[in-house]
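The lines below spell out each chain.
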Amino acid sequence: MGLTEAVTVRKQIVVDAPIERAFTVFTRQFGDFKPPEHNLLAAPIAETVFEPRVGGRIVDRAVEGRR
C-alpha cells in the first residue's frame with residue numbers, strides 16, 4: 001500500500017452582503033445549493049439541514065425518513 005499525502009483545499013467566495021446576512025443565507029438555505037447526491041445515505045434526499053450553532057451538524061434526511 002502506498003503513502004498518501006494530505007491535501008488542503010481552500011476556497012473563498014466574497015459576497016456583497018453583511019456577515020449576518022451571508023451566514024443566515026448559508027445556514028438556512030444550505031440544502032438549496034448542496035448537491036443532494038453528496039450524502040452517505042445512498043438514497044434520494046428530501047432535505048438537508050445545517051444546524052447554525054456551535055457544535056451544529058449538517059443532517060441529510062432521505063425521502064423514506066432515514067437521517
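Residues numbered from 1 in each chain as written. Predicted model: local features only at pLDDT ≥ 70, side-chain atom pairs only at ≥ 80, totals over all residues. Heavy atoms only, no water.

Trainee: Looking at this model, I keep getting lost on unusual backbone geometry. Mind explaining?
Mentor: With the exception of glycine, most residues fall at negative phi, and the peptide bonds are largely trans. Not every positive phi belongs to a glycine, and alanine 42 is a case in point at roughly 55°. With respect to the helices, strands and loops of the structure, alanine 42 is situated in the loop between helix 2 (30-33) and strand 1 (45-50). Under the relative-accessibility criterion, alanine 42 is labelled exposed at 77%. (Helix = DSSP H or I, 4+ residues; strand = E, 2+ residues; numbered from the N terminus. Buried < 20%, exposed > 50% of the residue type's maximum accessible area, 1.4 Å probe, protein only.)

Trainee: Whenever I open this one, the pattern of salt bridges confuses me. Can you help?
Mentor: Side-chain pairing between opposite charges can occur once the charged atoms of the two side chains come close. Scanning the entire structure with this criterion turns up five salt bridges. In this structure, glutamate 47 engages arginine 61 in a salt bridge whose closest nitrogen and oxygen atoms are separated by 3.1 Å. Taken together, the residues span a long stretch of sequence, with glutamate 47 in strand 1 and arginine 61 in strand 2 (residues 58-62) at a distance of 14 residues. Residue glutamate 47 is classed as partly exposed on the basis of its relative accessible area of 36%. (Salt bridge = Lys/Arg side-chain N within 4 Å of Asp/Glu carboxyl O.)

Trainee: Honestly, the side chain of glutamate 51 in this entry has me stumped. Any pointers?
Mentor: Within the element layout of this structure, glutamate 51 appears in the loop between strand 1 and strand 2. From its side chain, glutamate 51 meets the backbone nitrogen of arginine 57 in a polar contact 2.8 Å long. Filtering out sequence-adjacent residues up to four positions away, glutamate 51 remains in contact with Gly56, Arg57 and Val59. (Polar contact = N/O pair within 3.5 Å; in protein donor to acceptor, adjacent residues only side chain to side chain. Contact = heavy atoms within 4.5 Å.)

Trainee: Please explain the confidence of the model for the protein chain as it appears in this structure.
Mentor: Close reading of the predicted structure is inappropriate where its pLDDT is low. Taken residue by residue, the protein chain gives an average pLDDT of 88. The fraction at 70 or more is 99%. Confidence, read as mean pLDDT per element, is least for helix 2 in the protein chain (84) and greatest for strand 2 (90). (pLDDT = per-residue confidence, 0-100.)

Trainee: For this particular structure, what's the right way to read the packing of aromatic side chains?
Mentor: The geometry of an aromatic ring pair is captured by two quantities: the separation of the ring centres and the angle between the planes. Going through the model one piece at a time under the given rule, you end up with five aromatic pairs. Ring geometry for phenylalanine 26 against phenylalanine 30: centres 5.3 Å apart, planes inclined by 75°, an arrangement best described as edge-to-face. By relative accessible area, phenylalanine 26 is classed as partly exposed at 37%. Judged by relative accessible area, which is 12%, phenylalanine 30 ranks as buried. (Phe/Tyr/Trp six-rings, centres within 6.5 Å; stacked < 30°, edge-to-face > 60°.)

Trainee: Help me understand the layout of surface pockets, please; the structure alone is not making it clear to me.
Mentor: The gaps of empty space that remain are located by a probe, the size of a water molecule, rolled over the atoms. The space that makes up the largest pocket amounts to roughly 300 Å³. Around the largest pocket, the lining residues are Ile13, Val15, Ala17, Pro18, Ile19, Arg21, Ala22, Phe23, Val25, Phe26 and Phe33. Split into classes, the residues belonging to the lining of the largest pocket amount to ten nonpolar, no polar and one charged. (1 Å grid on protein atoms, 1.4 Å probe; cavity = no way out; pocket = protein on both sides within 12 Å on 5 of 7 lines; lining within 4 Å. Points joined across faces, edges and corners; volume = space filled by probe spheres on them. Nonpolar A, V, L, I, M, F, W, Y, C, P; charged D, E, K, R; others polar.)

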